[in-house]
Amino acid sequence: MESTLISVVVPVYNIEDYLERCVNSICSQTYQNLEILLVDDGSTDGSGALCDELAQKDSRIRVFHKQNGGSSSARNFGIAQAKGAYVGFVDSDDYISSDMYELLWKAVEQYDCEIAQIGRDEIDEQGNKLPNICEPPKEEEMIPSEAFLREMLLHKGDCSFCTKLVRKDLFKAAGFPEGELNEDFHLLVKLLPRIKGIISLPQQTYHVFYRLGSNTRKKDPDAFSRVFLDNVNNADMAERMVADKYPGLKDIAFRFGMHQRLEYLLHIPVSKMNSGTESYTNICEHVRKNCIKAWRSPYLTGKNKIYLTMFAIAPKTIRVVHKKLKRL
């Protein structure tokens with residue numbers, strides 16, 4: 001019997017130096033019934049031409065060239081073109097082990113699930129393995145949706161779609177939010193109530209390539225702080241969904257929202273900490289109103305509570321002091 005087609009979407013933008021390694025790792029999968037969708041998102045280097053060249057070497061590769069719209073736009077475009085029943089995603093500077101999609105597909109079949117995920121590691125430019133961002137399970141386990149959301153709200157779960165194989169029809173309900181950051185968390189929170197759970201595998205077969213040159217903060221401090229503002233917006237969205245679908249997670253969702261606001265206040269440029277920055281004033285007001293509730297939370301650390309209290313009293317002063325202490 002013919003195996004099920006899996007579509008692998010690869011957004012491509014100005015990544016000429018690493019693209020071939022990424023695509024070769026997908027072409028080398030032991031699960032071979034794949035289509036590989038390279039979505040050139042308006043690259044201005046040689047990435048687009050390289051996509052076309054790679055497609056000549058493997059008939060499973062389909063190339064699309066579009067105007068630049070960002071990673072979410074490229075992913076959504078790829079999903080719309082995908083012919084497979086299940087969809088995976090690989091970022092174009094990362095690479096995967098040869099058995100990744102075979103392991104994921106076997107899990108999907110065995111557990112009859114909509115989403116399966118596998119472990120990841122981070123590799124630096126010298127080939128060294130970095131500490132795990134998300135710890136994989138010791139053995140495969142089916143994690144119910146509410147439990148998976150709980151882990152994400154405690155900053156333990158893996159929200160990345162690159163480590164997952166997802167049934168395509170789930171994307172009919174929602175796609176990746178365009179123009180926003182931390183889009184994987186946003187979408188996964190929306191999808192979790194629609195599924196019974198996620199099967200999680202222990203193997204670390206997705207390899208995140210950590211490039212110092214890609215650090216957003218060094219390129220654009222304002223864009224870096226926007227990451228944290230989007231995280232606050234995502235936390236508010238998650239808190240609303242929890243109130244509706246998983247009321248037992250209400251206290252953990254509150255903790256998540258306060259933690260994300262603290263991260264925002266610790267990273268916003270000091271020059272933006274004034275009444276002219278609406279997001280800043282709104283977040284400060286929220287922290288002040290919920291400071292006492294934060295002290296009662298069993299999920300926030302003592303350090304979190306102290307910082308939140310100080311920010312409630314004198315946010316700009318504390319931010320300046322914090323910045324000086326970090327330099328020391």
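Everything below is about the structure printed above this text.
Cut-off values and rules
- Residues numbered from 1 in each chain as written.
- Predicted model: local features only at pLDDT ≥ 70, side-chain atom pairs only at ≥ 80, totals over all residues.
- Heavy atoms only, no water.
- Salt bridge = Lys/Arg side-chain N within 4 Å of Asp/Glu carboxyl O.
- Helix = DSSP H or I, 4+ residues; strand = E, 2+ residues; numbered from the N terminus.
- Buried < 20%, exposed > 50% of the residue type's maximum accessible area, 1.4 Å probe, protein only.
- 1 Å grid on protein atoms, 1.4 Å probe; cavity = no way out; pocket = protein on both sides within 12 Å on 5 of 7 lines; lining within 4 Å.
- Points joined across faces, edges and corners; volume = space filled by probe spheres on them.
- Nonpolar A, V, L, I, M, F, W, Y, C, P; charged D, E, K, R; others polar.

A. Seen up close, the pattern of salt bridges. Counted under the stated rule, the structure contains 13 salt bridges. For the salt bridge of Glu102 with Lys106, the shortest nitrogen-to-oxygen distance reads 3.3 Å. Of this pair, Glu102 and Lys106 are both found in helix H4 (residues 100-111), four residues apart, which corresponds to roughly one turn of the helix. For Asp158, the salt bridge is made with Arg120, and the minimal N-O distance between the two is 3.5 Å. In this pair, Asp158 is assigned in the loop between helix H5 (145-153) and strand S9 (164-167) and Arg120 in strand S6 (residues 115-123), connecting sequence segments 38 residues apart. Each of the two residues, Asp158 as well as Arg120, counts as buried. Salt bridges sharing common partners tie together Arg75, Asp91 and Asp184.

B. Spatial organisation of the layout of surface pockets. The volume enclosed by the second largest pocket comes to roughly 250 Å³. Around the second largest pocket, the lining is made up of 17 residues, and of these Gln117, Glu135, Pro137, Lys156 and Ser200 lie nearest the centre. Those elements that place two or more of their residues in the lining of the second largest pocket are S6, strand S8 (141-144), H5 and strand S10 (197-209). It is S6 that provides the largest number of residues to the lining of the second largest pocket, a total of four residues. Residue composition of the lining of the second largest pocket, by class: seven nonpolar, four polar and six charged.

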